[in-house]
Structures are given as structure tokens and as C-alpha cells.
Amino acid sequence: MYNAIQLISGTVVEGTIRQLFEGHHMTYIECINADYKSTRKESFYDLQLDVKGCRDVYASFDKYVEVERLEGDNKYHAEQHGLQVGC
């Protein structure tokens, strides 16, 4: 089975899907108790928005980009600094 990008490779419309639908977002991590910051740029073709309990799509986007504290079982390993609480 082929996906749409494979089917148009080598044709005059190659790259069209990427031009029309590809987006990018940055993942940014900053630790509170250590001098550590990390960023990562990622591509996407769709977003999985949580719509339950949101009054409209704008509230869903706000929820998608809200700050998340990495603590408890969700601690972050910050290279030389080890496991960090509250990144």
C-alpha cells in the first residue's frame, strides 16, 4: 500500500502536499532547578486537538499549547543534570 506522498514522487506535483499541509512546532523545555534548556523543531501534517470540554476550536488550540510541568512520573532527564523535577 502506498501513501499519497509516495504516489506523487517524481511527478510535477511532487512537494504539493508538503506545501499545502505541512506545519512546524517547537518543543521547548526549560528546567527550573538546573541550567538546562532544550528546543526541538518538528514537522506535522495534522494536529490532534482535545475538544472535550472546550467551548470552541480556539480553546482547543489554547489547550494544545499550554505549559506542561514535567514532574512526578513525568520527570525529564536533562543530559548531564539527571532527572529533573518541574521542568
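What you see is a predicted model, and the numbers here were worked out from it, not measured in a lab. (Residues numbered from 1 in each chain as written. Predicted model: local features only at pLDDT ≥ 70, side-chain atom pairs only at ≥ 80, totals over all residues. Heavy atoms only, no water.)

### Observations regarding the overall build of the protein
In step 1: Of the regular secondary structure elements, the protein holds three helices and four strands.
In step 2: Taken from the N to the C terminus, the helices and strands of the protein come in the order α-α-β-β-α-β-β.
In step 3: The buried share of the protein, reckoned over its 87 residues, is 18%.
In step 4: Here the protein displays about 7400 Å² of accessible surface, and carbon together with sulfur accounts for 51% of that area. (Helix = DSSP H or I, 4+ residues; strand = E, 2+ residues; numbered from the N terminus. Buried < 20%, exposed > 50% of the residue type's maximum accessible area, 1.4 Å probe, protein only. Areas by Shrake-Rupley, 256 points an atom, 1.4 Å probe, with all protein chains shown as cover.)

### A closer look at the pairing of strand β2 (residues 37–44)
In step 1: Pairing geometry for strand β1 (residues 23–30) and β2, over eight bridges, is antiparallel. Residue pairing for β2: E30 is matched across the bridge by K37.
In step 2: Between the antiparallel neighbours β1 and β2 lie six residues. (Pairing = 2+ DSSP bridges.)

### With respect to a negative patch on the surface
In step 1: Together, D56, D62, E66 and E68 line one region of the surface with negative charge.
In step 2: Position of E68 among the secondary structure elements: in the loop between α3 (57–65) and β3 (76–77). (Patch = residues over 30% accessible without salt bridge, like charges linked within 9 Å, V, L, I, M, F, W, Y side chains within 5 Å. Salt bridge = Lys/Arg side-chain N within 4 Å of Asp/Glu carboxyl O. Lys, Arg positive; Asp, Glu negative; His and termini not counted. Charge placed at Lys NZ, Arg CZ, Asp CG, Glu CD.)

### Points about the pattern of salt bridges
In step 1: Within this structure, the stated rule accounts for two salt bridges.
In step 2: Here R40 and E42 are joined by a salt bridge, their closest N and O atoms 3.4 Å apart.
In step 3: The class for R40 is partly exposed, based on a relative accessible area of 48%.

### Things to note about a nonpolar patch on the surface
In step 1: Where nonpolar side chains cluster on the molecular surface, the patch consists of L20, F21 and Y45 and spans about 350 Å² of accessible area.
In step 2: Assignment of secondary structure puts Y45 in the loop between β2 and α3.
In step 3: Note on Y45: relative accessible area 38%, which makes it partly exposed.

### Some details on the side chain of S60
In step 1: Relative to the assigned elements, S60 resides in helix α3.
In step 2: Given a relative accessible area of 2%, S60 falls into the buried group.
In step 3: In contact with S60, other than residues within four places in its own chain, are L49, D50, V51 and C54. (Contact = heavy atoms within 4.5 Å.)

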